[in-house]
Amino acid sequence: MAYTTVYKDIIFVEGDNPKAVRKTKINANLTGIGAQMKNLNNVKDNLIFSAKLHKCNCILDFKYGQKTALFSFDNVKFYGSGVCAVLPDDEYDRIIKEKSK
C-alpha cells in the first residue's frame, strides 16, 4: 500500500487508494516574500483548504517538495499537488484508527 499520513483529519496518500472516489486535481505553490520560512505543513494546509471546498477527506497522488528560483528575492519555493478524493467512512475510520496508534 502507498505511504499514508494523516494531518488535520485529512488523509494524505503518496499514491492511490482503490476505495477512494477521485474528484479533482489540486495544487499549492508557496512563493513570495517569506516563502523560505514555509514548510511541508504550510503546503498541506493549502491543499486541505482546497480539499474541504470539494468536500473531500483525502488527497491521493500526494507529491511535495521545494524548488529554487534563480530570479526571485526569496529563492525557495515550496509546492505540493494531488487529487482530492472521498474515502468511504469505514475506510477513512480504519486509516485514522491505524495512524493514531
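Going by the structure above, here's the rest.
Here the structure is a predicted model, which is why all the values come from computation and not from measurement.

Visitor: What is the right way to look at the overall build of the protein in this model?
Guide: Assigned secondary structure in the protein consists of 2 helices and 5 strands. What you see in the protein, going N to C, is helices and strands ordered as β-β-β-α-β-β-α. Burial statistics for the protein: of 101 residues in total, 40% are counted as buried. Excluding contacts between residues fewer than 6 apart, the proportion of contacts in the protein whose partners are at least 24 apart in sequence is 69%. About 6,400 Å² of surface is accessible on the protein, with carbon and sulfur atoms providing 52% of the total.

Visitor: What exactly am I supposed to notice about helix α1 (residues 40–53) here?
Guide: Along an α-helix, residues three or four positions apart point the same way, because every turn accommodates 3.6 residues. Here α1 is 14 residues long and its end C-alpha atoms lie 20 Å apart, about the 20 Å a rise of 1.5 Å per residue gives. K55, located one to two residues past α1, shows a positive phi value of around 55°.

Visitor: Honestly, the environment of V86 in this entry has me stumped. Any pointers?
Guide: Looking at the element boundaries, V86 is found in strand β5 (residues 76–86). The exposure class assigned to V86 is partly exposed, which follows from its relative accessible area of 26%. Here the alpha-carbon distance between V86 and R22, two residues 64 residues apart in the chain, equals 6.6 Å.

Visitor: Looking at this structure, how should I read the packing of aromatic side chains?
Guide: The relation between two aromatic rings is expressed through the spacing of the ring centres and the mutual angle of the planes. Across all of its chains, the model carries 2 aromatic pairs by this definition. Between the aromatic rings of F62 and Y64, the centroid separation amounts to 5.1 Å while the plane-to-plane angle is 25°, which identifies the pairing as stacked. For F62, a relative accessible area of 4% puts it in the buried group. You can call Y64 partly exposed: its relative accessible area is 39%.

Visitor: Would you explain the pairing of strand β2 (residues 10–14) in this entry?
Guide: Each regular strand displays side chains that alternate between the two surfaces of the sheet. With respect to burial, β2 is a largely interior element, 4 of its 5 residues being buried. As judged from the 5 bridges shared by strand β1 (residues 3–7) and β2, these two strands associate in the antiparallel manner. The partner of Y7 across the bridge, within β2, is I10. Connecting the antiparallel pair β1 and β2 is a turn made up of 2 residues, with K8 showing a positive phi of about 50°. Of the pairings in the sheet, the one linking β2 to strand β4 (residues 58–68) comprises 2 bridges and is parallel in character. Counterpart to F12 in the pairing with β4 is I59.

Visitor: It is not clear to me how the nonpolar core should be interpreted in this structure. Could you clarify?
Guide: Grouped burial of nonpolar side chains is what soluble globular proteins tend to show. If you look at the biggest cluster of nonpolar residues, it comprises 15 residues, and the most contacted ones within it are F12, V43, L47 and I59. When residues of this core are traced back to their parent elements, those giving at least two are β2, β3 (21–30), α1, β4 and β5. Residue contributions to this core peak at 4 residues, all from α1. The residues touching L47, leaving out its near neighbours within four places in the chain, are F12, I26, N27, A28, I59, F62, G80 and S81. Membership of the second largest hydrophobic core comes to 9 residues, among which are I11, A20, Y92 and I95.

Rules of the game
Residues numbered from 1 in each chain as written. Predicted model: local features only at pLDDT ≥ 70, side-chain atom pairs only at ≥ 80, totals over all residues. Heavy atoms only, no water. Helix = DSSP H or I, 4+ residues; strand = E, 2+ residues; numbered from the N terminus. Buried < 20%, exposed > 50% of the residue type's maximum accessible area, 1.4 Å probe, protein only. Contact = heavy atoms within 4.5 Å. Areas by Shrake-Rupley, 256 points an atom, 1.4 Å probe, with all protein chains shown as cover. Expected span 1.5 Å × (residues − 1). Phe/Tyr/Trp six-rings, centres within 6.5 Å; stacked < 30°, edge-to-face > 60°. Pairing = 2+ DSSP bridges. Core = buried A, V, L, I, M, F, W, Y, C linked by side-chain atoms within 4.5 Å.

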